[in-house]
Amino acid sequence: MKRRKDEFCLSPRRRLQDSVPLGNNLYMSAIKLLETDPVRLWNLVHTKGSKVSLTRPLHFKLKQIISEVAPELIVVNNVKRELHKNKMKLSKAISSGTIGTDNSSFKKLD
């Protein structure tokens, strides 16, 4: 059997077979946590300062499961993402000096 290239990749992102730290020196594989408690895995990934990040396919599976189990978590995450994006755009407009001009999406600061 041939091994896939990504099996040797040393990445901080967790795959299905990788273990996820739960705290108090407890670990569980990502697939088992996805099957038993997807909300806990979602909260581990989406808390500020968390070191847990997932590969794209695993995060996609998690998002599909969460959309069925607790869709309000996805809505909250989308609101936070949009707020973060707008904050970054505003700071870029302020630092470049384009705020209040026609090139900026922010016309004035109040």
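The model shown is predicted, which means the values in this text are computed figures rather than measured ones.

Caption draft 1: Main features of the pattern of salt bridges. In total, this model carries one salt bridge according to the counting rule given. Ionic pairing is found between lysine 85 and glutamate 82, a salt bridge with its closest N-O pair at 3.6 Å. Placement of the pair is lysine 85 and glutamate 82 together in helix α4 (residues 71-96), with a separation of three residues, close to one helical turn. Classification of lysine 85 as partly exposed rests on a relative accessible area of 39%.

Caption draft 2: Representation of helix α3 (residues 56-69). Its 14 residues place the ends of α3 20 Å apart at the C-alpha level, agreeing with the 20 Å of an ideal helix rising 1.5 Å per residue. Buried within α3 are the following residues: Leu58, Leu62 and Ile66. Along α3, the residues classed as buried sweep out an arc of 70° about the axis, all on the same side. Facing away from the buried side of α3 by over 90 degrees, the exposed positions are Arg56, Pro57, Phe60 and Glu68.

Caption draft 3: Main features of the packing of helix α2 (residues 38-45) against α4. In the contact formed by α2 and α4, the axes pass within 11 Å of each other and the chain directions differ by 10°. By the angle between their directions, the pair α2 and α4 is classed as roughly parallel. Touching Val39, Trp42 and Asn43 of α2 are Leu73, Ile74 and Asn77, all from α4. For the contact of α2 with α4, the residue count by class is four nonpolar, two polar and no charged.

Cut-offs and rules
- Residues numbered from 1 in each chain as written.
- Predicted model: local features only at pLDDT ≥ 70, side-chain atom pairs only at ≥ 80, totals over all residues.
- Heavy atoms only, no water.
- Salt bridge = Lys/Arg side-chain N within 4 Å of Asp/Glu carboxyl O.
- Helix = DSSP H or I, 4+ residues; strand = E, 2+ residues; numbered from the N terminus.
- Buried < 20%, exposed > 50% of the residue type's maximum accessible area, 1.4 Å probe, protein only.
- Expected span 1.5 Å × (residues − 1).
- Arc of directions from axis to C-beta.
- Axes fitted to C-alpha atoms, helices over the stretch in contact; angles between N-to-C directions.
- Parallel < 35°, antiparallel > 145°, perpendicular 65-115°, else oblique.
- Contact = heavy atoms within 4.5 Å.
- Nonpolar A, V, L, I, M, F, W, Y, C, P; charged D, E, K, R; others polar.

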